[in-house]
Amino acid sequence: MSDQVEKASTVDVVIVGAGFAGLYLLHRARKQGISTRCFERGDGVGGTWFWNRYPGARCDVESMQYSYGFDDDLQQEWEWPEKFSGQADILAYVNHVTDRFGLRPHIDFETEVRAAHYDESQRLWQIETSLGERVAAKHFVMAGGCISTAQVPKFEGLDDYKGSTYHTGLWPHEEVNFTGQRVAVIGTGSSAIQAIPVIAEQAAHLTVFQRQANFSIPSRNHPMTPEYAGAWRNGYADKRAEMRYAPNGVLRDLNNKSALDVSEAERLETYEARWKIGGSGFLASFNDIMTNKQANDTMAEFVRNKIRQTVKDPVTGELLAPKTHPIGTKRLCVDTGYYETYNRDNVELVDISTAPIDRLTESGLMVNGRRFEFDSIVFATGFDAMTGTLFNVDITGRDGLALTKKWEAGPRTYLGLMSQGFPNMFMITGPGSPSVKSNMITSVEQHVDLVADTIIHMRDQGLELIEPALEAEDAWVDHVQVVAHKTLFPQANSWYMGANIPGKPRLFMPYIAGVGAYRKICEEVVADGYRGFRFETKKAMAAE
Ligand code: N01
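Residues numbered from 1 in each chain as written. Predicted model: local features only at pLDDT ≥ 70, side-chain atom pairs only at ≥ 80, totals over all residues. Heavy atoms only, no water.

Caption draft 1: Fine view of helix H7 (residues 264-277). For H7, built from 14 residues, the straight-helix expectation of 20 Å at 1.5 Å per residue is met to within 8% by its first-to-last C-alpha distance of 20 Å. Where H7 is concerned, the buried positions are Arg 267, Thr 270, Tyr 271, Arg 274 and Trp 275. Each buried residue of H7 sits inside an arc of 130 degrees when the element is viewed along its axis, so together they form one side. Those residues of H7 that are exposed and angled more than 90 degrees off the buried face are Ala 265, Glu 269 and Lys 276. Following H7 by one or two positions, Gly 278 adopts a phi angle in the positive range, close to 80 degrees. (Helix = DSSP H or I, 4+ residues; strand = E, 2+ residues; numbered from the N terminus. Expected span 1.5 Å × (residues − 1). Buried < 20%, exposed > 50% of the residue type's maximum accessible area, 1.4 Å probe, protein only. Arc of directions from axis to C-beta.)

Here it is, written out as structure tokens:
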């Protein structure tokens, strides 16, 4: 790791996190002469890709699109080995970006931000770190990611279990070898669906505990071809511009027909053709899959039939065919050989939908009175998404108001960017922005540019404080829910709805109207003199 530079205790901006968001913000700030401190809990950069090292971890957005677009030399020069990148390749890329732009010395690694209190008298955020350091900042930016607080359910007997335990989102850096072991995987979300085929190849026996089955589409991943990469590189300027206004921040071939306006033969032919292509673009087979339950049912049944055809044991196949939610309303998974894995002799699926795990024991766990013994248990049980990482920091705003208190009935933001009562605090891809319902890099770049441009605007105009107006925030909170309820998303018990965390308020957290629609709203807000925000000048403070 490079030598650290001298660190100031009063800066313009404190940034939490050195993942894709924190790194780009650090780069923008440094270029514009904005002083920063950037704190990262890990001992390296990369955020999600630093922590999620489980076997099979891979991105389901194509490499040519899951990459920064802010620097043309970077995107022209970087070589991606595969259509969909594995975790190690993405981490290598993030490390390259960090060093290419000289960011590493400006990051405090292995340092958590524990508290951030807004000091109204000085209009400064007072930050406290896990190393006991205090730093004051004009602006405080939470860039710690949306899916970065791993959760292990509070199973009874959790501490009694004597074997090895792992969480997919906190995977050890050294290689984990399951050869010869009896392994359990708890959970069947995106992480499990990627890990299970790889663990099954190593383990002597693998038992998968499934609560709700998930829909998964084959990735059809393959080595990158020079033709494909070349076509992207030659067209990057236009393609990135298009991505920024695309519904999910990725270029996808959306079929602009209703699934119900075509004949059954055309519908099946369309699904079949897209199944062969693979990937989550499958959802773009028709334009009403996420808004019309009848249309959605046609796609869901097509995928269920694929699962039934793939899995040889009909009982297991039926258990794996999801029936609890419309397809796409929980994050659509993308896999390599997931359903085929259940045809192996060393893999067993245990349905815990009606009889949950009773408890963990010294040597394994018990379900419905049946005792299982394991050498290792893998928790693929997900994250306290969207709000968990924000709540891990003791954040208090004006009048000592805690963010946890303000958001006790659910997140309250204006544009997913700021919350009233917390002046000069920004969230990158916060709740109420497209965030997890988009290509994260597209959304990260948009938010970072908006935040950096706003800080520069304030500096240039002699403005010292920015805060959303309560009415603007109230209207946005309502708007996010109105838009969500025009879709099928609220019908699922998903982490988008906070349903995976006991006691978490149930409401749809991301903004689902699309990346392009959202970007246009942000552009209009800024063009309209930051409509819905209020500023205060230095003079106003002196007069108080
Ligand atoms: O987590 P999840 P994840 N007892 O919350 C089960 C992104 N990601 O880490 O469905 C038993 O989706 C839970 O069951 P249920 C992506 O956005 C992207 O897999 O709630 N089981 C579920 O099966 C993704 O959505 C990529 O009934 C319990 C599983 O654990 C997000 O990260 C790859 C349980 C958790 O699934 C999170 O994915 C990986 C309990 N008490 C992740 N509690 C790609 O880019 C939970 N479960 C490809």
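Caption draft 2: Highlighting the packing of helix H13 (residues 440-461) against helix H15 (residues 515-527). The contact between H13 and H15 brings their axes to 11 Å, and the two run at 5 degrees. In terms of axis orientation, H13 runs roughly parallel to H15. Side by side, H13 and H15 meet where Thr 442, Ser 443, Gln 446, His 447 and Leu 450 of the first sit next to Val 515, Tyr 518, Arg 519, Cys 522 and Val 526 of the second. Taken together, the residues of the contact of H13 with H15 break down into five nonpolar, four polar and one charged. (Axes fitted to C-alpha atoms, helices over the stretch in contact; angles between N-to-C directions. Parallel < 35°, antiparallel > 145°, perpendicular 65-115°, else oblique. Contact = heavy atoms within 4.5 Å. Nonpolar A, V, L, I, M, F, W, Y, C, P; charged D, E, K, R; others polar.)

Caption draft 3: Representation of the pairing of strand S4 (residues 113-119). The buried count for S4 comes to five of seven residues, which makes it a mostly enclosed element. Across three bridges, the pairing between S4 and strand S17 (residues 394-396) is parallel. Within S17, the residue paired with Ala 115 across the bridge is Asp 394. (Pairing = 2+ DSSP bridges.)

Caption draft 4: The arrangement of the sheet that holds strand S14 (residues 364-367) in detail. Strand order across the open sheet formed by three strands is S13-S14-S15, with antiparallel pairing between neighbours. Edge positions in the open sheet fall to strand S13 (357-360) and strand S15 (370-373), since each of these has one partner strand only. Adjacent strand axes in the sheet meet at a mean angle of 20 degrees when their direction is disregarded. The pairing of S14 with S15 spans four bridges and is antiparallel. For Leu 365, the partnering residue across the bridge sits in S15 and is Phe 372.

Caption draft 5: Region of the structure containing the site of the ligand. Inspection of the region around the ligand gives 25 residues, with Thr 188, Ser 191, Arg 211, Lys 330 and Trp 495 positioned closest. Residue Arg 211 places a side-chain N or O atom 2.9 Å away from an oxygen atom belonging to the ligand. Between the ligand and the protein, one listed contact pairs an oxygen atom with a backbone N or O atom of Ala 380 at 3.2 Å. Here the ligand, which alone exposes 910 Å², has 89% of that area covered by the protein. Element by element, the count of residues in the shell around the ligand is highest for helix H5 (residues 190-202), at three residues. Residue composition of the shell around the ligand, by class: 10 nonpolar, 10 polar and five charged. Two domains each provide a minimum of three residues to the shell around the ligand, namely domain 1 (10-149 + 385-543) and domain 2 (151-214 + 337-382). (Near = heavy atom within 4 Å. Polar contact = N/O pair within 3.5 Å; in protein donor to acceptor, adjacent residues only side chain to side chain. Areas by Shrake-Rupley, 256 points an atom, 1.4 Å probe, with all protein chains shown as cover. Domains from an automatic or database assignment.)

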